[in-house]
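For reference, the chains in residue letters:
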Amino acid sequence: MTTQALLDQLNKKIASLPAKDRHLINQAFDFAHQAHQGMKRESGEPYIHHPLHVTLILSHLAIDGPMLAAALLHDVVEDTAIPLTQIEKKFGQEVAQLVDGVIKLAKIKIKRTPTFWPHFLVRRQEERFSFEHQVKSLQKMFLAISGDLRVIFIKLADRLHNMRTLHLARPDKRARIAQETLEIYAPIANRLGIGELKGELEDLAFPFVYPQEYQNLKKRVEEIISEREKYVDEFIKLLKRFLESKNIIIVDIHGRAKHLYSLWNKLRRYDNNLEKIYDLVAVRIIVKNVADCYQALGLIHSRWNPLIGRIKDYIAMPKPNGYQSLHTTIFSETGQQIEIQIRTPRMHARAEHGIAAHWSYKEQTQKTNRAFQDVQWIKQFNELRSIINDHKEIKQILELDFFSDRIFAFTPKGDVINLPRDASVIDFAYAIHSDIGNACTGAKINGQIKPLATRLENGDIVEIITQKNSRGPKADWLKFTRTQKARAKIKQILKIR
Ligand code: MN
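Let me begin by describing the structure that accompanies this report. (Residues numbered from 1 in each chain as written. Predicted model: local features only at pLDDT ≥ 70, side-chain atom pairs only at ≥ 80, totals over all residues. Heavy atoms only, no water.)

This next bit is on the pattern of salt bridges. Should the charged atoms of two oppositely charged side chains come close, the side chains can pair. Evaluation of the coordinates by the stated rule reveals 17 salt bridges. Measuring nitrogen to oxygen at the nearest pair gives 3.1 Å for the salt bridge that ties Lys258 to Asp279. Separated by 21 residues along the polypeptide, Lys258 in the loop between strand E1 (250-257) and helix H12 (260-269) and Asp279 in the loop between H12 and strand E2 (281-287) bring together distant segments of the chain. By relative accessible area, Asp279 is classed as buried at 5%. Here the residues in one salt-bridge network are Arg256, Lys258, Lys266 and Asp279, joined through shared partners. (Salt bridge = Lys/Arg side-chain N within 4 Å of Asp/Glu carboxyl O. Helix = DSSP H or I, 4+ residues; strand = E, 2+ residues; numbered from the N terminus. Buried < 20%, exposed > 50% of the residue type's maximum accessible area, 1.4 Å probe, protein only.)

Structural data, given as structure tokens:
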């Protein structure tokens, strides 16, 4: 596809935005186009195609002027000589902050160590703990640092496009990126209820992280799935005629094959028994309203026998991420078991687009396309809270973001250093290694030279400057240290002297 064709697609998508926003987005395109001039993706395509694809993916989720502009600009600062201040001058603080958030999130990387295995494959208890701990803290940090949910949306779309083109990336990079996608990005998409992104991210990562398992599963289910798709197609025709004859208005009805990675996960819980997986290919019915959902369910049960224990009312009792639907599994005339999911258009949008869909709906009711504009993180967080419903988890995020006593800073390589609030460069240095603490003389914070007493902030990138012949810790360092480790080491050395 040509650059112009992609831009045309984008302009079509944003046609409903006010002229001011459309102008902002087009200016952002021109700017990014210019900045990435001559650069190429690993696929050989012009680099600008990447931000364009990312913006198109996003525009499918939610339409917001500053967010889409920031998506177009998201790689400009990192990959060209243009500083963030220039983005701010040209596009304003809001867009610049979104771009800055994306840059900070990019520093969150999983450490790939020889013991790095998914928790269910790790035999040793302590390794499993340390793995789960790392993943959990990375996920939370991701949410805390982003500060604005739009930053997460951009980052998820960025990752999705990178995953779609992962086979073109350098082989040594593939496994790490895919692993991160499985352990951090997909769970966050899931937590925000963006099922569409979650499913695709997982399926794209699966073959790179577990090549053997992926091949085996694919071989095993390919035929079964295509067989089931055939009879589900037949069943759908029958079901549609039946419901319409009872005056149920069907907005949409389709079959959907289960995502392979989620199937693999489920199989592990069900003794690897494919017979027990009823939603390998499911039928999805979308009807006008909630009353029709229950009526359709009743009608279906009056004609086909339901399987005991398989009727689930996620409308009355939504899943923790906000998912709503009625599920049932019935025996068809030909003896097959078929799972049926019934929901309203709104529930469907929520299942596919999660919290982003929530905003699109609000937009429509408020007759404004700028629903995001005045939404502060705290308001967004309340939305998030109503969707997550997991109080323990929320408390943890809250603690991180608002009343937090912890901050996260990064080494230049992207390793995460978790410190108490008000921690200084000295704490950071000792957190890496006591030798580095003892020899530190200063630091570069986000590229600028700063004194040892400098307090660190969430997302800072800290490069410690050491000198071999430094005279070591001084008594006044204790004034600037918060961590037990740093204080103990400093006192120890002061005593020795
Ligand atoms: Mn990118």
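On to the packing of aromatic side chains. Counting across every chain of the model gives 10 aromatic pairs. Judged by centre distance (6.4 Å) and plane angle (65°), the rings of Phe206 and Tyr210 are edge-to-face. A relative accessible area of 3% places Tyr210 in the buried class. Ring centres 5.3 Å apart and planes at 85° place the aromatic pair Phe206 and Tyr214 in the edge-to-face group. Comparing Phe206 with Tyr214, the two get one shared label, buried. An aromatic cluster of three or more residues is present, and its members are Phe206, Tyr210, Tyr214, Tyr261 and Trp264. The side chain of Arg303 reaches across the aromatic face of Phe242, ending 5.2 Å from its centre. (Phe/Tyr/Trp six-rings, centres within 6.5 Å; stacked < 30°, edge-to-face > 60°. Lys NZ or Arg CZ within 6 Å of the ring centre and 35° of its normal.)

Next up on the list: the sheet that holds strand E5 (residues 337-343). Reading across from one edge, E1-E2-E5-E4-E3 is the order of the five strands in this open sheet, with mixed pairing throughout. Bordering the open sheet on either side are E1 and strand E3 (312-313), each of which pairs with just one other strand. Note: E2 against E5, five bridges, orientation parallel. Each residue of the ladder has a partner; that of Ala282, found in E5, is Glu339. Against the sheet, helix H13 (residues 290-303) touches E2, E3, strand E4 (326-331) and E5, its axis set at about 15° to E4. (Pairing = 2+ DSSP bridges. Contact = heavy atoms within 4.5 Å. Axes fitted to C-alpha atoms, helices over the stretch in contact; angles between N-to-C directions.)

Burial within helix H17 (residues 425-432) is extensive, with six of its eight residues counted as buried. Taken as a whole, H17 has its buried residues at Val425, Ile426, Asp427, Phe428, Ala429 and Tyr430.

For the rest of this paragraph, the subject is the nonpolar core. With 105 residues, the main nonpolar core has Leu73, Leu239, Leu243, Val283, Ile285, Ile340 and Ile342 as its most contacted residues. In terms of residues, this core owes the most to one element, helix H11 (residues 211-245), which gives 10 residues. Excluding residues within four positions of it along the chain, Ile342 makes contact with Ile285, Val287, Cys293, Ala296, Leu297, Ile300, Ser325 and Leu326. Within the second largest apolar cluster, 21 residues are counted, among which are Ile445, Val462, Trp477 and Ile490. (Core = buried A, V, L, I, M, F, W, Y, C linked by side-chain atoms within 4.5 Å.)

Right, let's get into the coordination of the manganese ion. For the manganese ion, the full set of protein donor atoms is His50 (NE2), His74 (NE2), Asp75 (OD) and Asp158 (OD), and the range of their distances to it is 2.2 to 2.3 Å. Counting along the primary sequence, the residues that act as donors to the manganese ion give the motif H-x23-H-D-x82-D. A residue pair is termed long-range when its members are at least 10 positions apart, and His50 in helix H3 (residues 49-61) and Asp75 in the loop between helix H4 (65-73) and helix H5 (76-79) qualify at 25 residues. Residue class for His50 comes out buried when judged on its relative accessible area of 1%. When its relative accessible area of 12% is taken as the criterion, Asp75 is described as buried. (Donors = N, O, S within 2.8 Å, 3.2 Å for Na, K, Ca; no water.)

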